[in-house]
Amino acid sequence: MTLLAAEGLVKRFGGVLAAKDVSFALDAGEMLAIIGPNGAGKSTTFNMVGGQLRPDGGRVMLEGRDVTGMPPRTVCRMGVGRTFQVAQTFLSFTVIGNVQMALIAHHGQTRKLLGDAMAMHRAEALTLLDRVGMAAQAERPIGELAYGDVKRVELAIALAAAPRLLLMDEPTAGMAPSERAALMALVAGIAREQRIGVLFTEHDMDAVFAHADRILVLVRGEIIARGTPEEVRNDPEVQRVYLGHAGTKAAQRARRAHG
Ligand SMILES: Nc1ncnc2c1ncn2[C@@H]1O[C@H](COP(=O)(O)OP(=O)(O)OP(=O)(O)O)[C@@H](O)[C@H]1O
């Protein structure tokens with residue numbers, strides 16, 4: 001069954017039509033990228049899926065259930081995870097403590113926190129940290145980590161809620177190029193292995209062309225192209241309005257790297 005279906009989403013901000021009849025579908029285990037210039041409507045679309053924004057028209061269907069306009073907390077409980085920004089981790093806590101807190105929240109055990117919270121879900125937290133390559137740093141305060149490592153911990157925190165759909169808004173923003181490639185490879189591997197659908201926005205075209213299964217191109221609130229990286233790369237309209245020379249180079253690099 002289709003994991004996520006956006007059907008004719010519309011969002012207006014005053015006179016600005018930020019999303020105009022945006023429709024797409026995403027299957028389990030699939031990486032779908034939304035790309036487009038600044039102000040194209042990527043975050044708006046994203047926020048309508050995650051429940052942060054209520055669409056003015058259209059529907060969001062999750063595994064066949066209509067979740068349009070439901071609050072983020074409800075959407076989250078229905079299996080939609082989101083990677084959080086640094087400020088939303090507890091900087092003075094250890095790495096493993098942050099993941100344990102996420103597991104405690106996921107299991108609805110926050111009332112038990114007066115007990116020995118730090119003994120709860122330790123093994124599960126370590127397994128998650130191992131999956132993102134951070135088990136060796138489990139006992140360090142998260143505030144001491146390099147930025148790329150914080151991003152890995154954020155991924156473990158998002159996975160603690162056992163999402164079926166993961167929303168990642170510019171996951172590699174602020175990272176060095178080598179860290180970006182490693183993070184996206186990690187996300188893609190986990191998505192395929194655990195059959196998690198990933199919807200992501202990204203300005204880094206190398207990351208998009210290397211790891212997206214399919215790409216949507218938004219311009220002024222409208223999808224102007226969609227398809228595999230190969231199809232999008234070769235679309236003359238996309239070349240003209242968005243990718244241009246830099247995008248072509250990124251696509252070529254991705255093609256060389258992945259055969
Ligand atoms: N809360 C808001 N109030 C008013 N206008 C908004 C609001 N959010 C977005 N917009 C407008 O809607 C349009 C789409 O914005 P959106 O942030 O979705 O684009 P984007 O593709 O995510 O851009 P970027 O790549 O810069 O993050 C823009 O014209 C923006 O100014």
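Each chain has its residues counted from 1, following the order in which its sequence is written. Reporting in this predicted model follows two pLDDT cut-offs: at least 70 for local features of residues, and 80 or more for side-chain atom pairs to be given and counted; totals over whole chains, interfaces and linings ignore these cut-offs and use all residues.

Q: Explain the nonpolar core to me, please; I cannot follow it from the model alone.
A: For soluble globular proteins, nonpolar side chains are generally found buried alongside one another. Nonpolar cores are identified as sets of buried Ala, Val, Leu, Ile, Met, Phe, Trp, Tyr and Cys residues joined via C-beta atoms within 7 Å. For every residue, the other C-beta atoms within 10 Å of its own C-beta are counted; 20 or more classify it as buried, 12 or fewer as exposed, and values in between as partly exposed. C-beta atoms are placed from the backbone. Of all hydrophobic cores here, the largest spans 72 residues; its most connected members are Ala-33, Val-99, Leu-129, Ala-156, Val-198, Leu-199 and Val-217. Among the domains, domain 1 (1–79 + 164–259) and domain 2 (85–162) are the pair contributing at least three residues each to this core. The domain boundaries here were taken from an automatic or database domain assignment.

Q: Where do I start with the site of the ligand in this structure?
A: Any residue whose backbone-placed C-beta atom lies within 6 Å of a molecule or strand is treated as near that molecule or strand. Close to the ligand lie Phe-13, Val-16, Ala-18, Gly-36, Asn-38, Gly-39, Ala-40, Gly-41, Lys-42, Ser-43 and Thr-44. Ten residue types, Ala, Val, Leu, Ile, Met, Phe, Trp, Tyr, Cys and Pro, are classed as nonpolar, four, Asp, Glu, Lys and Arg, as charged, and the remainder, Gly among them, as polar. Across the shell around the ligand, the residue classes break down as four nonpolar, six polar and one charged.

Q: Just to check I follow, could you spell out the domain arrangement of the chain for this structure?
A: Interface size, as often reported, equals the accessible area lost upon joining of the parts. Domains assigned within the chain are domain 1 (1–79 + 164–259) and domain 2 (85–162). Residues are treated as contacting if the C-beta atoms built from their backbones sit within 7 Å of each other. Between domain 1 and domain 2, the contact holds eleven residues from the first and nine residues from the second. Elements are defined by DSSP. Helices are runs of H or I of four residues or more, strands are runs of E of two residues or more, and each kind is numbered from the N terminus. Looking at the side of domain 1 that touches domain 2, the element that brings in the most residues is helix H6 (residues 177–194), giving five residues. Along the lines of polarity and charge, the residues of the side of domain 1 that touches domain 2 split into nine nonpolar, one polar and one charged.

Q: I would appreciate a short explanation of the environment of Cys-76 in the present structure.
A: Checked against the element boundaries, Cys-76 lands in helix H2 (residues 72–77). Judged by C-beta crowding, with 19 C-beta atoms within 10 Å, Cys-76 ranks as partly exposed. Apart from residues no more than four positions distant in its own chain, Cys-76 is found in contact with Gly-81 and Ala-161.

Q: What exactly am I supposed to notice about the sheet that holds strand E9 (residues 214–219) here?
A: Backbone-to-backbone hydrogen bonds pair the strands of a sheet. The strands run either parallel or antiparallel. Paired strands, in this sense, are two strands between which DSSP finds at least two bridges. Across the sheet, which stays open at both edges, the six strands sit in the order E6-E7-E8-E3-E9-E10 with mixed pairing between neighbours. Both outer strands of the open sheet, strand E6 (80–82) and strand E10 (222–227), are each paired with one neighbouring strand and no more. Along the sheet, successive strands turn relative to each other by an average axial angle of 20°, direction set aside. Two elements, strand E3 (residues 31–35) and E9, share four bridges in a ladder whose sense is parallel. Opposite Leu-32, over in E9, you have Arg-214 as the bridge partner. Axis geometry follows a simple rule: fit a line to the C-alpha atoms, using only the stretch in contact for helices, then measure angles between N-to-C directions, giving values from 0 to 180 degrees. Along the sheet, helix H1 (residues 42–50) makes contact with E3, E6, strand E7 (165–169), strand E8 (197–201) and E9, crossing E7 at roughly 150°.

Q: Got a minute to help me understand the packing of helix H3 (residues 95–106) against helix H4 (residues 122–131) in this structure?
A: Two measures define how a pair of helices packs: the angle their axes make with one another and the distance between the axes. Contact pair H3 / H4: the axes reach a minimum separation of 9 Å and the direction vectors enclose 115°. Classified by the angle their axes make, H3 and H4 are roughly perpendicular. Where H3 crosses over H4, the two elements pack in a sense that is right-handed. Each of Val-95, Ile-96, Val-99, Gln-100 and Leu-103 in H3 lies in contact with H4, whose residues at this interface are Arg-122, Glu-124, Ala-125, Leu-126, Leu-128 and Leu-129. Grouping the amino acids of the contact of H3 with H4 by side-chain chemistry returns eight nonpolar, one polar and two charged. Orientation categories follow fixed angle ranges, with anything under 35 degrees roughly parallel, anything over 145 roughly antiparallel, 65 to 115 roughly perpendicular, and all other angles oblique. Handedness of a crossing is defined here by the sense of rotation of the near helix relative to the far one, left-handed for an anticlockwise turn of less than a right angle and right-handed for a clockwise turn.

Q: What is the right way to read the environment of Gln-100 from this model?
A: On the secondary structure map, Gln-100 appears in helix H3. Note on Gln-100: 24 C-beta atoms within 10 Å, which makes it buried. Between the C-alpha atom of Gln-100 and that of Ala-119, which follows or precedes it by 19 residues, the distance is 8.6 Å. Sequence-distant contacts of Gln-100, that is, excluding residues within four places in its chain, are made with Met-118, Met-120, His-121, Arg-122 and Ala-125.

Q: How should I be thinking about H6 in this particular structure?
A: Since the α-helix turns once every 3.6 residues, residues separated by three or four places project in the same direction. Helix length check: H6 (18 residues) gives 26 Å between terminal C-alpha atoms against 26 Å at 1.5 Å per residue, within 8%. Within the span of H6, buried status applies to Arg-180, Leu-183, Met-184, Val-187 and Ala-191. All buried residues of H6 lie within an arc of 95° about the axis, which places them on one face of the element. Summarising the geometry of H6, the exposed residues directed more than 90 degrees from the buried face are Ser-178, Gly-189 and Glu-193. At its buried positions, H6 is contacted by E3, helix H5 (147–159), E8 and helix H7 (205–211). In the segment just after H6, Arg-195 is the residue with positive phi, at about 55°. The span expected for a helix works out to 1.5 Å for each residue beyond the first. This arc describes the spread of directions from the helix axis toward the C-beta atoms.

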